[in-house]
Every structure is written in structure tokens, then in C-alpha cells.
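# Per-entry structural report
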Amino acid sequence: MKFGLRARVTAAVVVVTTTATAVMAFTAAKIQEDDARDRFTAAAKTSFGAMFGQAWPHLQQFMAGDIAALEHFSQGMDTAAADWMLVTSHPQLTNDDFKAPEGPPEVVKSSSQSFDWTTGTRNANPPDRRAALESVKDVVLLRTTGPGKLLSTITIDPLTGRSLLVVSANFVAYWVVQYFDLTLFEQDLAVQRWKLVYIALGVTVLGVVAAVFAAGRIRRPVLRVASAARELGDGAFDVRVPVKGRDELADLAASFNTMADRVGAAIEDLRAKDRQQQRFVADVAHDLRTPLASMVATVDTLDSATPETRTRATELLGTQTRRLARLLDDLMEISRFDAGSADFRPEPVELPALVEDAIEVSVPGTPIQVTSTGDTTVVADPRRVHTIVGNLLVNAVRHGRTPVTVTVEGTDGAVTIRVADSGPGIPGELLPILFDRFVRGDHARQATEGSGLGLSIARENALIHGGEITAHNDRGAVFTVSLPRESPA
């Protein structure tokens, strides 16, 4: 049988509450009973000591030979005690003899007027306490240093089965023993025990109610999180649960909301990548179709008998072939970045010299001013930095106007390369997506020399170095590349 969260929490709280209440009730009852017995014993000893203090001079006279003194002693004891006994040892002991009594104690005088608690009257036939005395004689019939030294113990009367408190006082060879019936006292203790039982049951009931309430308070937030998790699994990525309080359940709700945010962001990112991939495929198809269509048309004109036509067709075929080759190279480079397999070989590079070489290779013959300040040496992949600078220079010359300036500036932790042209700048609607793939300034996508991947490749090359590339307008387009001095391994 499978129990739910509410049942398990309720059971746990009930078990803990019941166990704790039972232990506390038992401990309280034990402490209360022990304390009550101690106080009862102390009161009995006080009463017995006062009584014996008044009666023992008669016992002293009796020991001196006055037989009538024993009767006076008995009358005094009967007045103050309901159940008593005067015993002596056999043989008689002297004042200096502190040996334990030998043989059974000899009863000199006794009186029993015990009360029958079952009928509420005095016993018509008082019980004989000699059997009870025999069972505790090793405790209460001991020689003491004087009458003021009282001995006590609790025993069960073998004849009646009742619990008795036995108190004794010793004077030379005589012991005065008084019996206190504990029946009423134990009945009072039993009543107190039942009161504690009722209190424990009441606390248990309250514990059950509290457990049900607490389980409900715990179960409801958990059910909300479970329901939200099912909705999240069904595609409702905007589902959230309310966060109430500062306890663990609030942490659970907050953690779920954080997870839902991350899952939603991840799904949205996947959807964006999917849209980007679809657009990428469409753009690749478009950019491949244009040169291929031109090549097919050009091939058809090669059969022309006119030399000028064949020459023009050959030149056009070469141009489109080179354009197609550059596009394929750029696509291969992008695919390596996407697969995380781009080759990266860092080494110390002097950026001013690299910029001069990129100018000669990418835009030969174009007047470009290069300035540098500070330490311009970085540890980077020279081929990839060369590609970044070359793409930015081509972009500045093709879409901007001269003069074009390149500024290399070294700082403590990085080196920046700033390429600025004097053209119309970047259209505002293109700035947020400028480094996306196949983004061109010409929305009609007419045939141009560029593949639309140059700035995207430049950004990927900057990122692989742990740097970044940004663009803004300042009397023309300004591209800024920031590279750390030490590239990641």
C-alpha cells in the first residue's frame, strides 16, 4: 500500500508527538510518585519521631524493672499510632552490644487498628503484622546510635497484599515499629497517573490535528509545484508558482521558477537557432543559386562564334567561380565554429605589422592611415586576427568612404584595433543584427562580391580569442576589436 506525502507527514508527526508525550508523561509520573513517597515518608518519620520521643521514657522505666511502665507506654502509643509493635531481640542485648538480632524478633507488645479502605471502616480483625516484619527485619531491626535515628522501608504485607511503610526506632535491645498503610496513598497516585494519561491522550489528539494541518500546509505547495512541472512538461514554459515565506517550500518554489526560466530561455534559444538555421539554409541556397545560374548562362554562351562573347563569358565564369569558392570557404569556416572544431594556434603577434600586411592583401592600393600606441603585442592566432582585420578593411572600403583609419592601442590587459571609415555609417536597423549571418546592407540581396558572412566570421574569431567586436557610428562606421594579451589555451 502506497502512502501519500500527507499521510507520511501526519504519521511522522503523530509518532513523534505520541512518543514524546508518552516519555514526558512517564517521566513526570515517576518524578511525581518518587517525590510524593519521599514527602510521605518524611511526614511519617516526623510523626513517628514525635510520638516515640514522648513514649520512650516509659520504655526506659520498663527496662529498669517497672512492669507498669509498659502499660503506660502502650497507652501512649495507642493514642498516637493505629498500627504499632514493640519487639526485642533474643537473646537480650546490652547497651554496648551492637550485634544484629539473632533469630526471630520477640513481640513484647503490639496493637493494630488498621483502616479497611475497601469498606471505609476499621478492621474488625486487624491483621497480624509479624509476617510483614519478618520480611524487612534486616532493614528496620538494626542497632542504631540512639532513639533519634529512624529506619524505614516499604514492603508488601504477605497476609493482605497491601503496601506498607515500615518505620522503626531502636533503644538498646528494643525496637518500636509503626506500620503505615499506603493503600489510600497509592490510590491517589493512581488517580494522578490517569490524569497524566488523559493529558497525554489530549496532547496526542492535538498532535494529530496539528499534523493534519501541517501536512496540508506542506502538501499544497508541493502539489502546486508538481502541477506546474506537468504543465511545463506539456509545453507551458511561462508557468510559474507563487513564492510564499522563507522556508524550504519557498526555496522549492523559487528553484522551480528559476528552472522554468532557464528551460524557457533554452527552448527560446533553440527556437531562435532553429529559425536562424532555416534562414541560413535559405540564404545559402540563394547565394549558391546566383553564381550557379550565372555560370550556367555563361556556359551556354561559350558556343558563340564571336570571340568577344567567348572572352566575356570566360571572364564572367571565372568571377562567379571565385565568388562561389569564397562562399564555400566561408561556409566551411562557419561550420567549424558551430561544431567547436575551429583550429586555434596562438603565438606572439605584433599587431601593427599584421595590420599593414592585411592592408596589402585585402585592399591593396587603398590609402589607409595606421597609428599605434602602447604595447601592441598579443598572444593570438595570427591567421584569425588577419582574417578579422581583412574583413573589417574590406567592409570599410566597400560600404564606406575614404579616408579609412586603423588605430592600434595597447592597454594593461588588452589591445584594441579600431577601424573607422568616412562613409554614411551603419543603418540603425542593422546595428542589432550586424554580426548575424548573411546580413547585408542591401536588402534586395542583389549580387555583390561579399558573402554576407564576413562580419559573422570576424566576431567568431574575436570570441575564440576571448575578445569581442563592436560597431557604432561616429562620422562613419567604427568597428572596435578588443583582444586580451593572453588568449585562452
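Reading the values: rules and limits
Residues numbered from 1 in each chain as written. Predicted model: local features only at pLDDT ≥ 70, side-chain atom pairs only at ≥ 80, totals over all residues. Heavy atoms only, no water. Helix = DSSP H or I, 4+ residues; strand = E, 2+ residues; numbered from the N terminus. Buried < 20%, exposed > 50% of the residue type's maximum accessible area, 1.4 Å probe, protein only. Contact = heavy atoms within 4.5 Å. Areas by Shrake-Rupley, 256 points an atom, 1.4 Å probe, with all protein chains shown as cover. Pairing = 2+ DSSP bridges. Phe/Tyr/Trp six-rings, centres within 6.5 Å; stacked < 30°, edge-to-face > 60°. Axes fitted to C-alpha atoms, helices over the stretch in contact; angles between N-to-C directions. Patch = residues over 30% accessible without salt bridge, like charges linked within 9 Å, V, L, I, M, F, W, Y side chains within 5 Å. Salt bridge = Lys/Arg side-chain N within 4 Å of Asp/Glu carboxyl O. Lys, Arg positive; Asp, Glu negative; His and termini not counted. Charge placed at Lys NZ, Arg CZ, Asp CG, Glu CD. Parallel < 35°, antiparallel > 145°, perpendicular 65-115°, else oblique. Left-handed = near helix turned anticlockwise from the far one by under 90°. Nonpolar A, V, L, I, M, F, W, Y, C, P; charged D, E, K, R; others polar.

### Looking at the overall build of the chain
When you go through the chain residue by residue, the secondary structure sums to nine helices and 14 strands. Residue burial in the chain is summarised as follows: out of 489 residues, 37% are buried. Nonlocal contacts in the chain, meaning residues at least 24 apart in sequence, comprise 64% of its contacts between residues at least 6 apart. Counting only carbon and sulfur atoms, one obtains 58% of the accessible surface of the chain, whose full area is about 27,400 Å².

### Examining the pairing of strand β10 (residues 377-380)
The alternating pattern of β10 places Val 378 and Ala 380 on a buried face and Thr 377 and Val 379 on a face that is not buried. Note that strand β8 (residues 347-350) and β10 share four bridges and pair antiparallel. Paired with Pro 348 across the two strands is Val 379, which belongs to β10.

### Examining the packing of aromatic side chains
One pass over the full model with this rule turns up six aromatic pairs. For the pair Phe 62 and Tyr 174, a centre-to-centre distance of 6.1 Å together with 75 degrees between the ring planes defines the contact as edge-to-face. Taken together, the positions of Phe 62 in helix α1 (residues 5-63) and Tyr 174 in strand β7 (residues 174-181) put the pair 112 residues apart, joining distant regions of the chain. Of the two residues examined, Phe 62 and Tyr 174, each falls in the buried class. Aromatic side chains Phe 435 and Phe 479 sit 6.3 Å apart centroid to centroid with 90 degrees between the ring planes, which places their arrangement in the edge-to-face category. With a gap of 44 residues between them, Phe 435 in the loop between β12 (414-420) and α9 (454-464) and Phe 479 in strand β14 (residues 477-484) connect regions that are remote in the sequence.

### A look at α9
Those residues of α9 not exposed but buried are Leu 455, Ser 456, Ile 457, Ala 458, Glu 460, Asn 461 and Ala 462. Phi turns positive, to about 85 degrees, at Gly 466, one or two residues after α9.

### So, the sheet that holds β12
The mixed open sheet is built from five strands, whose spatial order is β9-β11-β12-β14-β13. Single-partner strands in this sheet number two, and they are β9 (368-373) and β13 (468-473). Adjacent strand axes in the sheet meet at a mean angle of 15 degrees when their direction is disregarded. On top of the sheet, helix α7 (residues 351-362) reaches β9, β11 (404-410) and β12; it is set at about 170 degrees to β9, its chief contact.

### Things to note about a positive patch on the surface
Among the surface-exposed residues, Arg 217, Arg 220, Arg 224 and Lys 244 lie close enough to one another that they form a single positively charged patch. Tracing the chain through its elements places Arg 217 in helix α4 (residues 183-233).

### Digging into the side chain of Gln 178
In this structure, Gln 178 sits in strand β7. Look at Gln 178 and you get buried, because its relative accessible area is 5%. The contact partners of Gln 178, leaving out residues within four places of it in the chain, are Phe 48, Met 51, Ala 81, Asp 83, Trp 84, Leu 165, Val 166 and Val 167.

### Thoughts on the environment of Gly 400
Turning to its location among the elements, Gly 400 is positioned in the loop between α8 (382-399) and β11. A C-alpha to C-alpha distance of 5.8 Å links Gly 400 and Asp 421, two positions 21 residues apart in sequence.

### As for the packing of α7 against α8
At their nearest, the axes of α7 and α8 sit 9 Å apart, and the two run at 55 degrees to each other. Classified by the angle between their axes, α7 and α8 sit oblique to one another. Regarding α7 and α8, the two cross each other, and that crossing is right-handed. On the side of α7, the interface is formed by Leu 351, Leu 354, Val 355, Asp 357, Ala 358, Ile 359, Val 361 and Ser 362, while α8 contributes Pro 382, Val 385, His 386, Val 389, Gly 390, Leu 393 and Val 394.

### Section: the environment of Ala 82
Among the structural elements, Ala 82 can be located in the loop between α2 (68-80) and β1 (83-88). Judged by its relative accessible area of 32%, Ala 82 is partly exposed. Sequence-wise, Ala 82 and Gln 178 are 96 residues apart; in three dimensions their C-alpha atoms are separated by 8.3 Å.

### As for the packing of α8 against α9
Two elements in contact, α8 and α9, have axes whose closest approach is 9 Å; the angle formed by their N-to-C orientations is 145 degrees. The crossing of α8 and α9 is left-handed. Side by side, α8 and α9 meet where Arg 384, Thr 387, Ile 388, Asn 391, Leu 392 and Asn 395 of the first sit next to Gly 454, Leu 455, Ile 457, Ala 458, Asn 461, Ala 462 and Ile 464 of the second. Class assignment of the residues belonging to the contact of α8 with α9 gives a composition of seven nonpolar, five polar and one charged.

### Here we look at the pairing of strand β6 (residues 163-171)
The buried count for β6 comes to nine of nine residues, which makes it a mostly enclosed element. In β6, alternate side chains face the same way, and those of Ser 163, Leu 165, Val 167, Ala 169 and Phe 171 on one face and Leu 164, Val 166, Ser 168 and Asn 170 on the other are all buried. Looking at chain direction, strand β5 (residues 150-156) and β6 are connected through seven bridges and run antiparallel. Looking at β6, one finds that Thr 155 is bridged to Leu 164. Hairpin connection between β5 and β6: a loop of six residues separates the two successive antiparallel strands, and Gly 161 in this loop has a positive phi of roughly 75 degrees. Two elements, β6 and β7, share eight bridges in a ladder whose sense is antiparallel. The residue bridging Leu 164 from the neighbouring strand is Asp 181, located in β7. The hairpin formed by β6 and β7 contains two residues between the paired strands, and Val 172 there has a positive phi angle of roughly 55 degrees.

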